[in-house]
Amino acid sequence: HHPQRSTVWVGPQGHQVPIGPDTFTFIAGPCAVESPEQTVDAARMAASAGATLLRGGAYKPRTSPYAFQGLGIEGLRILASVRETTGLPVVTEVVDARDVETVAEHADMLQIGTRNMANFGLLQEVGRAGKPVLLKRGMSSTVEEWLMAAEYIAQRGNLDIVLCERGIRTFEPSTRNTLDISAVPVVQALSHLPIIIDPSHAAGRKDLVVPLTRAAVAVGADGVIVDVHPSPESALCDGPQALLGGDLRDLAQVVRQLPPVV
Ligand code: PEP
């Protein structure tokens with residue numbers, strides 16, 4: 001019942017960034033917020049390469065409970081202050097329904113990560129939060145299950161949903177997950193929602209971020225979200241997939257050089 005593809009606007013009135021069919025949105029930032037300095041450095045790298053939204057995790061859903069779990073509320077405060085400094089609206093993950101209100105107070109867009117795509121209580125809660133939602137695909141979920149997860153959010157009155165393909169589990173071990181590039185046109189045939197790609201979390205390797213971004217543009221994705229870190233070797237989370245400033249500028253050039261998708 002929605003013939004036109006939608007554009008979702010993210011950020012405060014007057015500074016809103018579009019994600020949708022008429023543009024290619026470039027989102028970048030650290031995997032995890034580690035400190036004010038690291039976050040502002042990463043945000044400046046992102047902004048100078050042309051990114052228009054800042055990503056960064058304050059709550060990190062890690063496979064191991066012994067791994068860095070994020071700075072929590074302190075991380076949200078850092079993100080909000082870096083938004084003031086750089087002007088970049090912020091997208092950050094919420095992992096627990098009890099935190100939705102607090103995360104929504106600090107962020108411009110709420111991210112649902114792959115591990116929580118089917119956490120229906122959390123989806124319903126973000127559906128009520130009044131902020132756009134970035135809904136990642138569950139790593140073992142079908143496209144239909146993913147779209148139904150989006151319905152849980154929409155059912156609560158929030159249609160500002162952006163889908164994010166971030167790789168699925170397959171038998172192939174050379175990348176952390178397999179980017180399902182065909183999900184982009186498959187979703188676009190079924191849904192009006194914008195869809196972006198996360199090549200950093202799909203591959204888990206920084207050398208594949210640029211080629212996968214080329215693929216994202218070529219296949220008609222509405223944007224890309226990538227990890228960047230001022231010193232990836234000391235990153236507390238996913239350092240091997242983080243781009244440095246120079247890599248990020250190469251990526252920006254790739255994005256600009258590709259012809260617009262019609
Ligand atoms: C992230 O974007 O920080 C993240 C953890 O991604 P995913 O949920 O796709 O693993």
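Here, every reference points to the structure presented above.
Not measured: the values here are computed from a predicted model.

Undergrad: Outline the overall build of the chain, supporting the account with residue identities and numerical values.
TA: Secondary structure assignment for the chain yields nine helices and 10 strands. Over its C-alpha atoms the chain spans a radius of gyration of 16 Å, differing by no more than 12% from the 18 Å that the globule rule assigns to 262 residues. Along the three orthogonal principal directions, the C-alpha set of the chain runs to about 45 × 45 × 40 Å. Taking all 262 residues of the chain together, 50% fall into the buried category. Across the chain, every contact between residues at least 6 apart in sequence was considered, and the portion connecting residues at least 24 apart equals 65%.

Undergrad: Any details on the nonpolar core? Residues and values, ideally.
TA: Among the nonpolar cores identified, the biggest contains 80 residues, and Ala46, Leu135 and Leu163 are the most heavily contacted of them. Those residues in contact with Ala46 that lie beyond four places of it in its chain are Ala28, Gly29, Ala51, Leu54, Leu88, Val228 and Leu248.

Undergrad: Can you explain helix H6 (residues 183-190)? Please cite residues and give values.
TA: Residues Ala183, Val184 and Val187 constitute the buried set of H6. On an axial view of H6, the arc spanned by its buried residues comes to 100°, and they lie on one face. Residues of H6 that are buried in the fold lie against helix H5 (143-154), strand S8 (161-165), strand S9 (195-197) and helix H8 (209-219).

Undergrad: Could you give me a rundown of the site of the ligand, with the residues and numbers involved?
TA: In the vicinity of the ligand, the contacting residues are Cys31, Gly57, Glu93, Gly113, Thr114, Lys136, Arg166, Asp198 and His201. Residue classes in the shell around the ligand are distributed as one nonpolar, four polar and four charged.

Undergrad: Can you explain the pairing of S8? Please cite residues and give values.
TA: When you tally the buried positions in S8, you get five out of five residues, the bulk of the element. Neither face of S8 is open: one carries Ile161, Leu163 and Glu165, the other Val162 and Cys164, and all of them are buried. Two elements, strand S7 (residues 133-136) and S8, share four bridges in a ladder whose sense is parallel. Across the sheet, the residue bridging to Lys136 is Cys164, located in S8.

Undergrad: Give me the lowdown on the pairing of strand S3 (residues 25-29), citing residues and values where you can.
TA: Successive residues of a regular strand alternate their side chains across the two faces of the sheet. Most of S3 is tucked away: five of the five residues are buried. Judged by which residues are buried, S3 turns out to be covered on both faces: Thr25, Ile27 and Gly29 on one side and Phe26 and Ala28 on the other are all buried. Here S3 runs beside strand S4 (residues 53-55); their pairing, made up of two bridges, is parallel. Within S4, the position partnered with Ala28 by the bridge is Leu54. You can see the chain leave S3, run along helix H1 (residues 36-48) and come back into S4, and the turn it takes is right-handed.

Undergrad: How would you explain unusual backbone geometry if you had to name every residue and give the values?
TA: Across residues other than glycine, the phi torsion is negative in most instances, and most of the peptide bonds are trans. The phi angle at Asp238 is positive, at roughly 55°, despite the residue not being glycine. Mapped onto the secondary structure, Asp238 falls in the loop between strand S10 (223-227) and helix H9 (245-257). For Asp238, a count of 21 C-beta atoms within 10 Å gives the class buried.

Undergrad: Quick one: what's the story with helix H4 (residues 120-127), residue by residue and with numbers?
TA: Looking at H4, one finds that the buried residues are Leu122, Leu123, Glu125, Val126 and Gly127. Its buried side turned inward, H4 meets helix H3 (100-106), strand S6 (109-112), S7 and H5.

Undergrad: Could you give me a rundown of the environment of Val162, with the residues and numbers involved?
TA: Summarising the element assignment, Val162 is placed in strand S8. Among residues more than four places away in sequence, those in contact with Val162 are Val8, Ile19, Pro132, Leu134, Leu193, Pro194 and Ile196.

Undergrad: Describe the environment of Gly204, naming the residues involved and giving the relevant values.
TA: Within the secondary structure, Gly204 sits in the loop between helix H7 (199-203) and H8. Residue classification places Gly204 among the partly exposed residues on the basis of 16 C-beta atoms within 10 Å. Separated by 99 residues in the primary sequence, Gly204 and Glu105 have C-alpha atoms spaced 30 Å apart. Every residue in contact with Gly204, bar those within four places of it in the chain, is listed here: Thr175, Arg176, Pro240 and Gln241.

About the criteria used
Residues numbered from 1 in each chain as written. Predicted model: local features only at pLDDT ≥ 70, side-chain atom pairs only at ≥ 80, totals over all residues. Helix = DSSP H or I, 4+ residues; strand = E, 2+ residues; numbered from the N terminus. Rg over C-alpha atoms; globule rule 2.2 N^0.38 Å. Buried ≥ 20, exposed ≤ 12 C-beta atoms within 10 Å, placed from the backbone. Contact = placed C-beta atoms within 7 Å. Core = buried A, V, L, I, M, F, W, Y, C linked by C-beta atoms within 7 Å. Arc of directions from axis to C-beta. Near = placed C-beta within 6 Å. Nonpolar A, V, L, I, M, F, W, Y, C, P; charged D, E, K, R; others polar. Pairing = 2+ DSSP bridges. Right-handed = clockwise from strand over helix to strand, strands pointing away.

That's the geometry; what it means functionally is another story.
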